[in-house]
Amino acid sequence: MGARTGIFDNFWAIPLHELFRKIESTPHGLTTEEASRRLRLYGPNTLVRESRFAVFLAFLGFFANPLVIILVIASGVSLALGEHIGGLIIIAIVLFSVVLNFLMEFQARHAVEEIQNQLAVTAEVMRDGNEQELPVGELVPGDIVRLKAGDLVPADARLLTVKDLHVRESMLTGESLPVEKTASDLLSGAHNLAEANNSVFLGTAVQTGIATAIIIRTGKGTACGEIAHRLATRPPETEFGRGVRRFGMMLTWVTLLLVLFVLLVNIIFHRPLMESFLFSVALAVGMTPEMMPMIITVTLAQGAKRMTRKKVLVKQLAAIEDFGSVDILCTDKTGTLT
């Protein structure tokens with residue numbers, strides 16, 4: 001796990017001498033032995049990665065929709081009854097809808113990889129009292145690192161010394177201008193991440209100056225790690241998606257009850273059982289709105305394409321409808337969401 005524990009949630013507000021005591025480190029850094037122990041304890045300084053089966057499971061997840069299930073069953077019945085053309089058409093429509101949805105979300109999944117590609121590869125670290133260049137993945141809480149102009153910050157860290165240090169934090173705060181940093185303790189009171197002028201964060205870039213800093217949080221415990229985790233997590237169901245699912249369930253029950261009713265009436269009037277069953281199934285297939293999933297998907301995909309041209313990442317197609325229902329959108333002077 002990352003180095004994110006309760007006492008370090010707002011580490012920039014803790015006095016520096018107390019921070020050294022809590023993290024059990026010194027201005028001379030850690031020993032190699034202690035760093036190895038902490039690496040086993042906290043894990044590597046890398047962001048969360050999806051499992052190799054995540055993409056496959058995400059694809060199968062699109063079939064867990066009542067409307068899609070109805071169409072799959074209808075296509076199977078059509079094929080079983082010899083209606084091969086009708087069955088194949090229904091399967092093609094379902095696959096088109098599912099694949100289009102999957103491709104849109106698959107593009108959003110690359111956002112995590114893009115964040116990973118923006119992180120540093122190596123860092124200058126104090127180990128055993130000497131300065132060494134080590135892979136970023138081996139950094140642990142308590143390490144002392146040196147930063148200079150052009151460096152990417154390798155982890156969330158508290159500044160110890162600075163000289164004309166300006167850091168670009170746009171990927172975290174949305175602010176386009178670099179932030180001037182200091183090594184002094186903040187005034188007492190609550191301070192959010194954007195106000196932490198005595199700290200630097202994973203993924204931000206040093207524009208000018210030099211500094212030394214003590215690493216506090218690594219990997220998934222960093223502010224950048226939280227962003228990557230949210231991007232890799234499937235978002236909650238939208239109101240539009242919930243409405244489509246409820247409609248599919250209602251259609252399932254209506255179709256099932258009508259088929260049972262028709263079958264029961266035919267049995268009461270002593271019609272042949274097999275003939276009655278086939279008629280009921282044909283009725284169910286005829287009632288199924290085969291084109292509905294494709295119409296919904298194509299319509300939402302057009303909206304997503306328009307958003308993409310405006311440089312807006314659409315992670316979930318169903319969110320397009322919710323976004324279109326927004327009456328008031330509040331932003332700050334930089335245009336970021338507040």
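This is a predicted model, so every value here is computed, not measured.

Trainee: What am I meant to see in the overall build of the protein chain here?
Mentor: A tally of regular secondary structure across the protein chain gives 11 helices and 7 strands. Contacts in the protein chain between residues at least 24 apart in sequence constitute 71% of all its contacts with a sequence separation of at least 6. Accessible area of the protein chain: about 18900 Å², with a carbon and sulfur share of 64%.

Trainee: So what exactly am I meant to see when it comes to the pattern of salt bridges here?
Mentor: Two side chains carrying opposite charge are able to pair once their charged atoms lie near each other. Enumeration over the complete set of coordinates arrives at 11 salt bridges. A salt bridge links Arg-21 to Glu-18, with the shortest nitrogen-to-oxygen separation between them at 3.9 Å. Placement of the pair is Arg-21 and Glu-18 together in helix α1 (residues 16-23), with a separation of 3 residues, close to one helical turn. The class of Arg-21 is exposed, set by a relative accessible area of 56%.

Trainee: Please explain a positive patch on the surface as it appears in this structure.
Mentor: A surface patch of positive charge is lined by Lys-305, Arg-306, Arg-309 and Lys-310. By the secondary structure assignment, Arg-306 is in helix α10 (residues 292-309).

Trainee: Could you clarify how one ought to interpret the side chain of Asp-151 in this entry?
Mentor: Mapped onto the elements, Asp-151 comes out in the loop between β3 (144-148) and β4 (156-168). There is a polar contact of 2.9 Å between the side chain of Asp-151 and the backbone nitrogen of Lys-148. Excluding residues that lie within four positions of it along the chain, Asp-151 makes contacts with Arg-146, Thr-204, Ala-205 and Val-206.

Trainee: So what exactly am I meant to see when it comes to helix α8 (residues 239-268) here?
Mentor: Owing to its 3.6 residues per turn, the α-helix aligns residues three or four sequence positions apart on the same side. Between its terminal C-alpha atoms α8 stretches 43 Å, which fits the 44 Å expected from 30 residues at 1.5 Å a residue. All of the buried residues along α8 are Gly-241, Val-244, Gly-248, Leu-251, Thr-255, Val-259, Val-262, Leu-263 and Asn-266.

Trainee: Is there a simple way to think about the side chain of Arg-217 in this case?
Mentor: Of note, Arg-217 is situated in strand β7 (residues 205-217). For Arg-217, a relative accessible area of 1% translates into the label buried. Side-chain polar atoms of Arg-217 contact the side chain of Asp-156, separated by 2.9 Å.

Trainee: Could you clarify how one ought to interpret helix α2 (residues 32-42) in this entry?
Mentor: Taken as a whole, α2 has its buried residues at Ala-35, Arg-38 and Tyr-42. Seen from one end, α2 has its buried residues packed into an arc of 65°, which puts them on one side. The exposed set on the far side of α2, more than 90 degrees from its buried face, consists of Glu-33 and Arg-40. In this structure, the buried side of α2 is in contact with α1 and β1 (122-127). At the C-terminal side of α2, Gly-43 shows a positive phi close to 90°.

Trainee: Hey, could you run me through the environment of Lys-181 in this one?
Mentor: The topology assignment puts Lys-181 in the loop between β5 (179-180) and β6 (199-200). Taking the relative accessible area as the measure of exposure, Lys-181 reaches 3% and is therefore buried. Sequence separation between Lys-181 and Val-162 is 19 residues; the distance between their C-alpha atoms is 7.4 Å. When near neighbours in sequence (up to four residues on either side) are disregarded, Lys-181 contacts Leu-159, Val-162, Leu-165, Val-167, Glu-169, Ala-196, Asn-197, Ser-199 and Val-200. At 2.7 Å, the side chain of Lys-181 forms a polar contact with the backbone oxygen of Ser-199.

Trainee: Where do I start with the pairing of β3 in this structure?
Mentor: Every regular strand shows the same layout, with side chains that alternate between the two sheet faces. Bridge analysis of β1 against β3 gives 3 bridges, and the strand direction is antiparallel. By the bridge assignment for β3, Val-125 is matched with Val-145. Alignment of β3 against β7, held across 5 bridges, turns out to be antiparallel. Looking across to β7, one finds that Arg-146 is bridged to Thr-212.

Trainee: Explanation requested: the nonpolar core in the structure shown.
Mentor: Most often, soluble globular proteins have nonpolar side chains that are buried together. In this structure, Val-125, Leu-139, Val-145, Leu-159, Leu-165, Val-200 and Ile-215 are the most contacted members of the largest nonpolar core, which totals 18 residues. Elements with a minimum of two residues in this core: β1, β3, β4 and β7. The residues contacting Ile-215, other than those within four sequence positions of it, are Ile-23, Leu-139, Val-140, Pro-141, Gly-142, Asp-143, Val-145, Ala-155, Asp-156 and Ala-157.

Trainee: Is there a simple way to explain the packing of aromatic side chains in this structure?
Mentor: Aromatic ring pairs are reported here in terms of the distance separating the ring centres and the angle at which the planes meet. According to the stated counting rule, one finds 3 aromatic pairs in the structure shown. Each ring, one from Trp-12 and one from Phe-201, has its centre 5.7 Å from the other, and the planes form 75°; the classification is edge-to-face. Separated by 189 residues along the polypeptide, Trp-12 in the segment before α1 and Phe-201 in the loop between β6 and β7 bring together distant segments of the chain. Each of the two residues, Trp-12 as well as Phe-201, counts as buried. Every member of this aromatic cluster is reached through a ring pair, and the members are Phe-11, Trp-12 and Phe-201.

Trainee: Help me understand the environment of Ala-301 in this model?
Mentor: Here Ala-301 shows up in helix α10. The class for Ala-301 is buried, based on a relative accessible area of 7%. A sequence separation of 17 residues divides Ala-301 from Ala-318, and the C-alpha atoms of the two residues are 9.3 Å apart. Each residue touching Ala-301, except ones within four places of it in the same chain, is listed here: Leu-100 and Leu-317.

Thresholds applied
- Residues numbered from 1 in each chain as written.
- Predicted model: local features only at pLDDT ≥ 70, side-chain atom pairs only at ≥ 80, totals over all residues.
- Heavy atoms only, no water.
- Helix = DSSP H or I, 4+ residues; strand = E, 2+ residues; numbered from the N terminus.
- Contact = heavy atoms within 4.5 Å.
- Areas by Shrake-Rupley, 256 points an atom, 1.4 Å probe, with all protein chains shown as cover.
- Salt bridge = Lys/Arg side-chain N within 4 Å of Asp/Glu carboxyl O.
- Buried < 20%, exposed > 50% of the residue type's maximum accessible area, 1.4 Å probe, protein only.
- Patch = residues over 30% accessible without salt bridge, like charges linked within 9 Å, V, L, I, M, F, W, Y side chains within 5 Å.
- Lys, Arg positive; Asp, Glu negative; His and termini not counted.
- Charge placed at Lys NZ, Arg CZ, Asp CG, Glu CD.
- Polar contact = N/O pair within 3.5 Å; in protein donor to acceptor, adjacent residues only side chain to side chain.
- Expected span 1.5 Å × (residues − 1).
- Arc of directions from axis to C-beta.
- Pairing = 2+ DSSP bridges.
- Core = buried A, V, L, I, M, F, W, Y, C linked by side-chain atoms within 4.5 Å.
- Phe/Tyr/Trp six-rings, centres within 6.5 Å; stacked < 30°, edge-to-face > 60°.

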